[in-house]
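Reading the structure
Chain by chain, the residues run as shown.
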Amino acid sequence: VGHCHPDVVKAAHEQNQLLNTNSRYLHDNLVDYAERLSNTLPEKLCIFYFLNSGSEANDLALRLARQYTKHQDVIVLDHAYHGHLTSLIDISPYKFRNLEGQKEWVHVAPVPDTYRGIYREDHEDSVTAYANEVKNIIEQAHKRGRKIAAFFAESLPSVGGQIIPPAGYFQKVAEHVHKAGGVFIADEIQVGFGRVGKHFWAFQLQGEDFIPDIVTMGKPIGNGHPIACVATTKEIAEAFAATGVEYFNTFGGNPVSCAIGLAVLDVIEKEHLQAHATEVGNFLMKLLKEQKIKHPLIGDVR
């Protein structure tokens, strides 16, 4: 919503003058914010955990998946980056290839890139071919006695090259992953909050019939203020709570952060920023595609 947006600055300032405490103390802002976020998501994603950063959100998503499935292994897309915590470096090929390498519980699937990937635009069914790569990984893992907890992917691989997966890919992958007893985690940290224009969440580009089991949010959620969120289903949250070990985060969900989160949602709505993203995006795409026709040097526009 732009640097130091006056509405966001005002919300932070006003709430700062009233009360800022941790989430063990009840405060309307927390509930109001969770409710506003839930209005943007499919109905089954109705439980919210608030945190301080995208890395914290992805780490919690990993814990939720493992507790719910009682499995350990994770499938990620090649070139992915999911955060800077130890647990997330382990599932970020973009990072671990330059560090300690791939752990045995991590499996890397090819990016569903129809421009430069292994199955391209001229392939008769690239969606199924890419999804089958995930299916093969699951089968190979099972042969080694390993079990899949989650398929963890950015809804639109950003560090991996702004790749928009072909529609239907997530549905097919989710089918294979669910069959293996795993869950589907959509990382919306860089790509959520209306940035894709047509939809509020990038996973919605896949179609209305696709709903992840866990969605993580960060970066634009607070317009630079440290706030993040994990949204999931009742079943997954209940399995997590069943351990008797509560999830607590000193600053996550504090009244000031939630006031800022609410202000960001207000600005997105009030200033029609999603429509703006669509309009500007379409304008740029059109002009860049015209350049692509003129210059063989330009291979793909995204």
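Residues numbered from 1 in each chain as written. Predicted model: local features only at pLDDT ≥ 70, side-chain atom pairs only at ≥ 80, totals over all residues. Heavy atoms only, no water.

Put simply, the rule is: UniProt positions are given in the numbering used here, feature names are shortened, and annotations may be inferred rather than shown by experiment.
As annotated in an unreviewed UniProt entry, the chain is AT2L2 lyase from Chordeiles acutipennis. Note on the chain: under the UniProt heading Sequence similarities (unreviewed entry), the record states "Belongs to the class-III pyridoxal-phosphate-dependent aminotransferase family."

1. Description of the sheet that holds strand β1 (residues 47-51)
Selection criterion: Any two strands between which DSSP finds at least two bridges are classified as paired. Strands are runs of DSSP state E lasting at least 2 residues, helices are runs of H or I lasting at least 4, and numbering of each runs from the N terminus. Axis definition: a line fitted to C-alpha atoms, over the contacting stretch in the case of helices. Angles run 0 to 180 degrees between N-to-C directions. By the convention used here, residues are in contact when the closest approach between their heavy atoms is within 4.5 Å.
Pairing within the open sheet is mixed, and its seven strands lie in the order β1-β7-β6-β5-β4-β2-β3. At either end of the open sheet lies a strand with only one pairing partner, and these are β1 and β3 (106-109). When strand polarity is set aside, the average angle formed by the axes of neighbouring strands in this sheet is 20 degrees. Sheet strands touched by helix α6 (residues 126-143): β2 (73-77), β3 and β4 (148-154). Its angle to β3, the strand with the most contacts, is close to 155 degrees. Relative to strand β5 (residues 183-187), helix α7 (residues 169-179) is tilted by about 140 degrees, and along the sheet it contacts β2, β4 and β5.

2. Observations regarding the pairing of β1
Every other side chain in a regular strand lies on the same face of the sheet, so the side chains alternate between the two faces. Just so we agree on the cut-off: Throughout this description, buried means an accessible area under 20% of the type-specific maximum (1.4 Å probe, protein chains only), exposed means over 50%, and partly exposed covers the range between.
Counting buried residues in β1 gives four out of five residues, a clear majority hidden from the surface. Note that β1 and strand β7 (residues 228-232) share five bridges and pair antiparallel. From the neighbouring strand, Leu51 faces β7, where its bridge partner is Ala228.

3. Things to note about the nonpolar core
Inclusion rule: Definition of nonpolar core: a set of buried residues of the types Ala, Val, Leu, Ile, Met, Phe, Trp, Tyr and Cys, connected through side-chain atoms within 4.5 Å.
Residues Tyr33, Leu37, Val134, Phe151, Tyr169, Phe193 and Met217 are the most contacted members of the largest nonpolar core, which totals 51 residues. Ranked by residue count, the leading element in this core is helix α9 (residues 255-270), at nine residues. Residues Leu64, Ile91, Phe152 and Ala228 belong to the second largest nonpolar core, which totals 25 residues.

4. Some details on the side chain of Asp113
The following threshold applies: His residues and chain termini do not enter the charge count, which takes Lys and Arg as positive and Asp and Glu as negative. Any carboxyl oxygen of Asp or Glu within 4 Å of a side-chain nitrogen of Lys or Arg constitutes a salt bridge here. Polar contacts, as used here, are pairs of N or O atoms within 3.5 Å; protein pairs need one atom able to donate a hydrogen and one able to accept it. Residues neighboring in sequence count only if both atoms are side-chain atoms.
Mapped onto the secondary structure, Asp113 falls in the loop between β3 and α6. For the buried residue Asp113, which engages in no salt bridge, the nearest side chain bearing the opposite charge is Arg302, 4.5 Å off. Side-chain polar atoms of Asp113 contact the backbone nitrogen of Arg116, separated by 3.2 Å. Contact partners of Asp113, with chain neighbours within four places excluded, come to Tyr119, Tyr130 and Ile163.

5. Things to note about the packing of helix α3 (residues 54-69) against helix α8 (residues 234-241)
What counts is decided by this rule: An angle below 35 degrees is read as roughly parallel, one above 145 as roughly antiparallel, one from 65 to 115 as roughly perpendicular, and any other as oblique. Ten residue types, Ala, Val, Leu, Ile, Met, Phe, Trp, Tyr, Cys and Pro, are classed as nonpolar, four, Asp, Glu, Lys and Arg, as charged, and the remainder, Gly among them, as polar.
Remark: α3 packs on α8, axes separated minimally by 8 Å, with the N-to-C direction vectors making an angle of 85 degrees. Here α3 is positioned roughly perpendicular relative to α8, judged by the angle of their axes. The segment α3 lies against α8, with Leu60, Arg63, Leu64, Gln67 and Tyr68 engaging Glu235, Ile236, Ala239 and Phe240. Class assignment for the residues of the contact of α3 with α8 results in six nonpolar, one polar and two charged.

6. Some remarks on α3
Residues spaced three or four apart along an α-helix point in a common direction, a consequence of the helix completing one turn every 3.6 residues. The criterion, for reference: Expected helix span is computed as 1.5 Å times (number of residues minus one).
Taking 1.5 Å as the rise per residue, α3 with 16 residues should run 22 Å; its terminal C-alpha atoms sit 22 Å apart, in good agreement. For α3, every residue scored as buried is listed here: Gly54, Ser55, Ala57, Asn58, Leu60, Ala61, Leu62, Leu64, Ala65 and Thr69. Looking at the residues trailing α3, positive phi occurs at Lys70, about 65 degrees.

7. A look at the pattern of salt bridges
When charged atoms on two side chains of opposite charge get close, those side chains can pair. All told, the structure shown has 13 salt bridges when counted by the stated rule. Linking Asp266 and Arg36 is a salt bridge whose minimum nitrogen-to-oxygen distance equals 2.9 Å. In this pair, Asp266 sits in helix α9 while Arg36 sits in helix α2 (residues 28-38), placing the two residues 230 residues apart along the sequence. Given the relative accessible area of 23%, Arg36 is considered partly exposed. Arg36 is paired through a salt bridge with Glu269; the nearest N and O atoms lie 3.9 Å apart. Here the residue Arg36 occupies a position in helix α2, and Glu269 occupies one in helix α9, the gap between them amounting to 233 residues.

8. Concerning the packing of aromatic side chains
This is how it is decided: Stacked, edge-to-face and tilted labels apply to pairs of Phe, Tyr and Trp rings (six-membered ring for Trp) whose centres lie within 6.5 Å, assigned for plane angles under 30 degrees, over 60, and everything in between, in that order. Here, a charge over a ring means that NZ of Lys or CZ of Arg falls within 6 Å of the ring centre while also lying within 35 degrees of the ring normal.
Per the counting criterion, the structure on display carries 14 aromatic pairs. For the pair Tyr49 and Phe240, a centre-to-centre distance of 6.0 Å together with 90 degrees between the ring planes defines the contact as edge-to-face. Residue Tyr49 is located in strand β1, and its partner Phe240 is located in helix α8; the two are separated by 191 residues in the primary sequence. One residue, Arg24, lies across the ring of Phe248, its end atom 3.8 Å from the ring centre. The ring of Trp105 carries Arg66 above its face, with NZ or CZ at 4.5 Å from the centroid.

9. Digging into α7
Residues of α7 that are buried include every one of Tyr169, Phe170, Gln171, Val173, Ala174, His176 and Val177, and no others. The first or second residue beyond α7 is Gly181, which carries a positive phi of 85 degrees.

10. Digging into the pairing of β2
Most of β2 sits inside the fold, with five of its five residues counted as buried. Burial along β2 is two-sided: the face carrying Asp73, Ile75 and Leu77 and the face carrying Val74 and Val76 are both buried. Two elements, β2 and β4, share four bridges in a ladder whose sense is parallel. The residue bridging Val76 from the neighbouring strand is Phe152, located in β4. Pairing of β2 with β3, which is carried by four bridges, proceeds in the parallel orientation. Within the sheet, the bridge partner assigned to Ile75 lies in β3 and is His107.

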